[in-house]
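As a plain string of letters, each chain reads:
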Amino acid sequence: MTSPVWHPFHQHGLEEPIPLVTHAEGAALYTADGRRVIDAISSWWVTTHGHCHPRIMAAIREQSERLDQLIFAGWTHQPAEDLATELVRIMPRPLDHVFFSDSGSTSVEVALKMALGTFAHRGEERHRILVLEHSYHGDTIGGMSVGARGVFNRPYAPLLFDVETIPFPAEGAEQATLDALERACARGDAAAFIVEPLLLGAGGMLLYPARVLAEMRAICAVHGVLFIADEVMTAWGRTGTLLACEQAGIVPDILCLSKGLTGGSLPLAVTMATPEIYAAHYSTDRARQFFHSSSYTANPIACAAANANLAIWREEPVVDRIASLAERQTTGLARLAQHPRIANPRQLGTVIAMDVLADQHGYLSEIGPALKAAFTSRDVLLRPLGNTVYVMPPYCINDADLAQVHDAIAAVADGPL
Ligand SMILES: *Cc1c(COP(=O)(O)O)cnc(C)c1O
């Protein structure tokens, strides 16, 4: 019998097999047909400390016996209070206000609405959103509008709102990016510039220097354009530091966090904002309150999982694990870079990426699915972006498993493509 489940980013018409996973631990997934598969992409960039971290699982169990869910409009609970307080403590000042939602996409929607609301309440005519070429910010209509246009969103394109795209700061073309941003900001109608700091994920694991990020932030500050950092993927140590923004020494006006916020265990997101943005909504006028909520906003069980994640960051050697993973990735990448079919090796923190040379390119070229299937048959979960293969494992991955991932890439690059 065929399953009624309709999977995301999956063409059912091709009848590719869909593995059934029964349990997971650390960096390993176990399938119903008895295989142990290495999760080399952290279950799509969410799992930081490893699957089923005992401390996070215990926090979920404990909270589930106390308070499962609560309306968050005008009511509160301790897990959310503790989480917001701790986030403000560990994230850069002055991101003093924490707005909860439940996915990376919604954290972006919230950020955009906060930016637009800020100017609307101040009576300033600023409606335009500036975006960086090749960006990804989620699959909701707002998220797609501020993300790269392509095959992913072509059917919806007529309904996506207009944005101004700043060219990606490719090596040697950084000045063109800064000039374009300067011109767009100087026009005076831009409300915000939204960026993925240092590493564009879904756009193909593209890197740009911290210096460019710092200069882009400075241009926005000069022109009063709000700077939104979408750190949904880059935060929680992925790039080697807690936030990617740290490496550029910048603080955004608005910060989006999700994925690793609960260690990757439950859906939760926050959008953090400066006092300036909060103040634009603070009033005795109810028409200026922030009109956004979703049913599971600040779900107590998800908040308890996030609090356990923060305790792990405080009390376990997470920073050392990240440094160790980054080092082992460097070694593996150096070896892979020798391969005649591997080009553009690149790394930021715990993430490595490379392009596998084949006859076809682009996300829909058959090379992506063919690579993915070849990795799966070697018990490695990798999901290339077209011909770009990247490795983004949980920080707990051991030497043997990581070597198996790197070996699988070398073996697949050796094979027929
Ligand atoms: C994954 C991602 C999102 C969307 O997050 P979801 O939780 O999948 O909605 C947004 N921005 C970036 C940079 C992401 O990597």
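Quantities reported herein were computed from a predicted structural model and do not represent experimental measurements. (Residues numbered from 1 in each chain as written. Predicted model: local features only at pLDDT ≥ 70, side-chain atom pairs only at ≥ 80, totals over all residues. Heavy atoms only, no water.)

1. Structural notes on the nonpolar core
Of all hydrophobic cores here, the largest spans 98 residues; its most connected members are Phe193, Met205, Met216, Trp236 and Leu382. Looking at which domains feed residues into this core, each of domain 1 (57-315) and domain 2 (317-389 + 407-417) gives three or more. One finds Ala111, Ala192, Leu226 and Ile277 within the second-largest nonpolar core, a separate group that totals 22 residues. (Core = buried A, V, L, I, M, F, W, Y, C linked by side-chain atoms within 4.5 Å. Buried < 20%, exposed > 50% of the residue type's maximum accessible area, 1.4 Å probe, protein only. Domains from an automatic or database assignment.)

2. Concerning the domain arrangement of the protein chain
Here the protein chain is partitioned into domain 1 (57-315) and domain 2 (317-389 + 407-417). Computed over C-alpha atoms, the centres of domain 1 and domain 2 are 28 Å apart. Buried area between domain 1 and domain 2, summed over both chains or domains, comes out near 1300 Å², and the portion from carbon and sulfur atoms is 76%. Linking domain 1 to domain 2 there are zero salt bridges. The interface formed by domain 1 and domain 2 holds three residue pairs in polar contact (both at pLDDT 80 or more) in total. Examining the composition of the side of domain 1 that touches domain 2, we find that three residues originate from one element, helix H9 (residues 300-315), more than from any other. Each residue belonging to the side of domain 1 that touches domain 2 can be placed in one class, and the counts come to nine nonpolar, six polar and two charged. (Buried area = accessible area lost by both parts, 1.4 Å probe. Salt bridge = Lys/Arg side-chain N within 4 Å of Asp/Glu carboxyl O. Polar contact = N/O pair within 3.5 Å; in protein donor to acceptor, adjacent residues only side chain to side chain. Helix = DSSP H or I, 4+ residues; strand = E, 2+ residues; numbered from the N terminus. Nonpolar A, V, L, I, M, F, W, Y, C, P; charged D, E, K, R; others polar.)

3. Focus: the site of the ligand
What surrounds the ligand is the set Trp45, Ser103, Gly104, Ser105, Tyr136, His137, Gly138, Glu196, Asp230, Val232, Met233 and Lys259. Side-chain polar atom of Asp230 to a nitrogen atom of the ligand: 2.7 Å apart, as the coordinates give it. At 2.7 Å from an oxygen atom of the ligand is found a side-chain nitrogen or oxygen belonging to Lys259. Here the shell around the ligand is built from residues that sort into four nonpolar, five polar and three charged. (Near = heavy atom within 4 Å.)

4. Overview of the packing of helix H6 (residues 174-186) against helix H7 (residues 210-223)
H7 packs onto H6 with a crossing angle of 15 degrees between their chain directions and a minimal axis gap of 9 Å. Classified by the interaxial angle, the pair formed by H6 and H7 is roughly parallel. As H6 packs across H7, the resulting crossing turns out to be right-handed. Together, Glu174, Thr177, Leu178, Leu181, Glu182, Cys185 and Ala186 of H6 and Arg211, Val212, Glu215, Met216, Ile219, Cys220 and His223 of H7 make up the contact between the two elements. In terms of residue class, the contact of H6 with H7 is made up of eight nonpolar, two polar and four charged. (Axes fitted to C-alpha atoms, helices over the stretch in contact; angles between N-to-C directions. Parallel < 35°, antiparallel > 145°, perpendicular 65-115°, else oblique. Left-handed = near helix turned anticlockwise from the far one by under 90°. Contact = heavy atoms within 4.5 Å.)

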